[in-house]
Amino acid sequence: MTAMCKYLHRVSSLWLSAWPICALVLFSALTAIHALPGGYVRAIAAVPTVLLVPGSLAVGAVFGGRSRPQGILFIGYAIVLSVLLSIFASLALYAAHVPITALSTYFVMLGLSAVLAVVAQARLFTERPAVVPQAVGRSEPLDRETPNLGDDPDRAARIRRFAPIAAIVTGVSLLAGSVYFYDHLPRPSDAGYTQLAWASTREASSITVGPEGDRLYFEIVHRQPRQAWFRLNAVWQGSSAQALAKPLTLSIGPDKTLQGDLFVPAPPGQCTYRLVITLTEIDQVDPLTKQQPTWSINANVRESGKSRSACAQ
Amino acid sequence: MTATSCKRGLGSVPQQSSGSRPSRSGGWILPAAAGACCVLAGLGAIAHGYQIGQYHLTSQSEFMWFWAGMLLLSLPLISVIARSATSNALRAALLILYGILTYAPKLLRDPSSPIYHDEFAHWRSTYEILHTGKLFRANPLIPIIARYPGLHASTAALVNATGLNIWQAATVLLVLCHLLLILGIAALGEALGMTSRAASLAAIIYSFNSSFLYFDTQFAYESMAVTLVVWTLVAYVRAIRARSVRERTASCFLTVLFSAGTIVTHHLSAFSLVLFMAVIALVLSLPWLARTRGWVRTASTAWGLTLAAAVMAGFWFLVVAPGTLSYLSPYLGEGLSQLMQDAQGTGAARQLFGASLSPWWEQKFAYLIVVFAFGMAVGGLLLIRTQMRSGRLDPGDRRALLVSFALLGLVYFPSVLLILSSAGSEGARRSWAFSWIGLAILAGPSAVWLLDSNRRRISNWFRVGQYTGLTVAVCVALIGGTAAGLNAAYRFPGPFLYGSEARSITPELLAASAWFSARFGTGHNLITDRYSGLVFASYGLQNIAKTSSGFPVYELYLANSDSQIPSSLLAEFRSGNFNYLVVDRRMAYEIPEDGAYFVSGEPAYLVPRSGESIFRGRLGKFNSLSWMIKVFQSDNYSIYRLSLPVARTGYSSRPPSGRGKLVVNP
């Protein structure tokens, strides 16, 4: 027997006799994992622990050593229970009026895991190993029975132990690889757009303008891969539009954001007036309206100190 | 070197099972390499199909590449799983691989962010837990999900533990749920006494149901809950069939725990679970099916667990989520009523694949899936009958359980009729994820019988023909099952398609929502259409008006002028603090792909059959209403600030002559 075999034998014995406590130690090591920066490395370290350990301990505590399910059934129960315990932990925190945070969830889960680990360990010590095969595991096929031709016991034992892990690792690697491959395939560029918007929240309600006038700030965002020419216009809106400022012609390069302002003189009388800023792209046709593409924003202005109710149409 | 090989070194003698073939060392390498090549090529073909889809609204080649990829991926795995010579351990490993790899279509569809309607809603609920530390926060997109926090709580816990973002954590959780769903069906089959082969084939057959590849892989509560239902049934069946008190107690405990998890996660799954358990308990109480030694104990266990699940579900529905029944009842009630009208000739039956982007062969295969399911079900029933007659399936828990799963599986066939009514189709599709559990359990052994039947034949031609026929049947089932679920716009990426939830998210919409949140903050009440609302109510963290007959938001859009807007609606806007309006101008030009501008079930006249939008020429009024100020416009979206109540006076129609100045800084 080689030294390696002795070592494996010892590790195997230790694991079989004290796996609940070992699993609890692993779960408590999550605090160290939390010290890692958030991202894939931390996720790879934390996901198996979070999604397997609490549930495994619960299976160990519920079933004990004798009738504990094996293989896929154990993995399935363990993952489902881990997920459910996290849900019940959140519900318990909510019921106790404790905010659900990373820390509070972790401590509740750690407490639960500790209790489950103690119960599982106690059952492991006190129970004798199973001698009678479980009835449920026995297959009573509806289909015609055929011998399991591939089941060479020694080889099957190796496969049984490592094949599920290998399948999970292979499957997850293939999924991750396919996402990476897909992400690097050429794809059509995103449709661009142009925005015209007020630069503050002030314009969202009626603006009072003093005798010296006021400036209203706006921004133009041009998320297009090409340079384009625009005409910028400001008018007083009414039964017939009245020019408010001299129009500007702009050339805006790709992915540019421009800041602009409109100086508004004091409006006359007691009325509220509407002004409109319009941006029109030159030499282009909107596919929906068959006209030049146009963007606009508007605002209501009135002279300061005057009552709005005094302002008639 | 493993512990097993060490044991052999310690003196244990390797045993050869009788009848086993001499293992040829290395003989597996070539088939394994071929299988790996198929899987890699399959994944590549799926990715290529999606890449083609991004350039075209729809094209034959994207479907061809996708299905070529899916078949390359799945057929080799299915064929090795189905072989009688495959060892149980290898079969389990391949089933795991199948479970993980069948998540690829959904993962590649949206690897980095939500795209389906429900995904945005669940994203928002998870975000609320992470940022407020509380459960049951109101959800503006689907209000009922706030009362079922199972998925959100577990996703938030994973985010907290791993540092992943919400979408990444959700993806990890969903891959696991998807895998566990397949493994759960196999575990259920084995708990019912099937061989590993029959149970694995039952799991494969389950994967042909229309929800498996896309609907039940989305970030939504049913994706997790259907897995919980299956595992609850595993524990339930094991509790019923346990031969020792200790094991029965443990399985009962797990059944109650899993039922509770299902109940706090999803309403329809909870209903289905209680129904499943009740049917099983009822059948277990029928003497001619179940009477055997310990019969009363078995039935009592089943009824006790059913009662526990029903009480927990009742408590949750009545105390925590009292709106559940009113949320669910229209789906079944209106569906049945429409079906009755169709049968009497007074209704207008829903046209299947009416505006589908799918190719003709997908549509034909979708009809054939019912034939496939029927054939497998009949095969399963005949097998049960034969076994009962030959005395190999005596009265007892196993006979009763198989019959009850068969009954539950047969529910699939009447539910297919509901697909003909527009109100019932949604509910029918959702029910298939559950009825196919029973159908798969029924069909698994009959699939084994079919595969092994060629041993009784002599002709090689017959054998080749039979394998070809089975392969074709699997292809038809896989393609048809998926096509019968979601339409192509959901399944394939593609250019923007107005009114299609899965193709509505554009950088422009995301930018508009981000601009609004940055300028005005979060938590505002907005009026908008269904598709813009997805982003504003999720990433934008705003609340959107939920259109209904009592709150007809569409009247605002339909009015030709200020005076036509119902004052009662304006009063509701004011009382509800709806201070902003987001308008997508395309609604004036286009008919929505999904058939609704605001909410499914909105008045039919909003989407006229003429193909011309009812809102044409009616949206320009928003620019001139005195109580609406336009604060933002991009190519397609405009945002207005509402000044309510509407003032008696507006802005002056006689503009002043004062001159200002425009300045733009580069």
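Procedures and definitions
Residues numbered from 1 in each chain as written. Chains lettered and ligands numbered in written order. Predicted model: local features only at pLDDT ≥ 70, side-chain atom pairs only at ≥ 80, totals over all residues. Helix = DSSP H or I, 4+ residues; strand = E, 2+ residues; numbered from the N terminus. Rg over C-alpha atoms; globule rule 2.2 N^0.38 Å. Buried ≥ 20, exposed ≤ 12 C-beta atoms within 10 Å, placed from the backbone. Contact = placed C-beta atoms within 7 Å. Domains from an automatic or database assignment. Nonpolar A, V, L, I, M, F, W, Y, C, P; charged D, E, K, R; others polar. Pairing = 2+ DSSP bridges. Axes fitted to C-alpha atoms, helices over the stretch in contact; angles between N-to-C directions. Expected span 1.5 Å × (residues − 1). Parallel < 35°, antiparallel > 145°, perpendicular 65-115°, else oblique. Left-handed = near helix turned anticlockwise from the far one by under 90°.

Attention now moves to the overall build of chain B. Check the secondary structure of chain B and you find 25 helices and six strands. Compactness check: chain B gives a C-alpha radius of gyration of 28 Å against a globular reference of 26 Å for 666 residues, within 12% of the reference. C-alpha atoms of chain B, sized along the principal axes, occupy 105 × 60 × 55 Å. Considering chain B as a whole, with its 666 residues, one finds that 52% of them fall into the buried category. Expressed as a percentage of contacts within chain B between residues at least 6 apart in sequence, the contacts between residues at least 24 apart total 72%.

Here we come to the domain arrangement of chain B. Residues and elements named next belong to chain B. Under the domain assignment, chain B is made up of domain 1 (31-491) and domain 2 (501-642). With eleven residues of domain 1 in contact, the opposing surface of domain 2 contributes ten residues. When the residues that make up the side of domain 1 that touches domain 2 are grouped by side-chain class, the tally is nine nonpolar, one polar and one charged.

A word on the interface of chain B and chain A. The partner chain A presents 130 residues to the 133 residues of chain B that form the contact. The biggest single contributor to the side of chain B that touches chain A is helix H4 (residues 88-101) of chain B, with ten residues. Each residue belonging to the side of chain B that touches chain A can be placed in one class, and the counts come to 72 nonpolar, 41 polar and 20 charged. Across five bridges, the pairing between strand S6 (residues 256-264) of chain A and strand S6 (residues 661-665) of chain B is antiparallel. Note that in S6 of chain B the partner of Gln259 of chain A across the bridge is Asn665 of chain B.

Spatially, nine strands are ordered S2(B)-S1(B)-S3(B)-S5(B)-S4(B)-S1(A)-S3(A)-S6(A)-S6(B) in an open sheet, and the strand pairing comes out mixed. Unpaired on one side and paired on the other, strand S2 (543-544) and S6 of chain B mark the two borders of the sheet. Two elements, strand S1 (residues 193-198) of chain A and strand S3 (residues 214-223) of chain A, share six bridges in a ladder whose sense is antiparallel. Residue pairing for S3 of chain A: Thr194 of chain A is matched across the bridge by His222 of chain A. With respect to the sheet, helix H22 (residues 507-520) of chain B is in contact with S1 of chain A together with strand S4 (628-633) and strand S5 (637-642) of chain B, its orientation differing from that of S1 of chain A by roughly 15°.

Residues and elements named next belong to chain A. Read from one edge of the open sheet, five strands run S2-S8-S7-S4-S5, paired in mixed fashion. Only two strands of the sheet have a single neighbouring strand rather than two, namely strand S2 (207-209) and strand S5 (242-252). Looking at each pair of strands side by side, their axes are set apart by 25° on average, direction ignored. The pairing of strand S4 (residues 228-237) with S5 spans eight bridges and is classified as antiparallel. Of the residues in S5, the one forming a bridge with Ala228 is Ile252.

Among the structural elements, Val264 of chain A can be located in strand S6. Discounting residues that sit within four places of it in the chain, Val264 of chain A has contacts with Val209, Gly213, Asp214, Leu216, Leu275 and Val301 of chain A together with Gly660 of chain B.

On to helix H8 (residues 166-191) of chain B, then. With 26 residues, H8 of chain B should cover 38 Å at 1.5 Å per step; its first-to-last C-alpha distance of 35 Å lies within 8% of that length. With 24 of 26 residues buried, H8 of chain B is to be regarded as a mostly interior element.

Residues and elements named next belong to chain B. Relative to each other, helix H3 (residues 60-82) and H4 sit at 160°, their axes nearing to 9 Å. Classified by the interaxial angle, the pair formed by H3 and H4 is roughly antiparallel. Here H3 and H4 pass one another in a crossing that is left-handed. Along its contact with H3, which presents Leu73, Ser74, Leu77, Val80 and Ile81, the element H4 presents Arg91, Leu94, Leu95, Leu97, Tyr98 and Leu101.

Our focus in this paragraph is unusual backbone geometry. Keep in mind that most residues, glycine aside, have a negative phi and that most peptide bonds are trans. A positive phi angle is found at His97 of chain A, which is not glycine, with a value near 60°. Structurally, His97 of chain A can be placed in the loop between helix H4 (71-95) and helix H5 (102-126). Residue class for His97 of chain A comes out exposed when judged on the 7 C-beta atoms lying within 10 Å of it. Despite not being glycine, Leu541 of chain B has its phi angle at roughly 55°, a positive value. For Leu541 of chain B, the position within the fold is in the loop between helix H23 (530-537) and S2.

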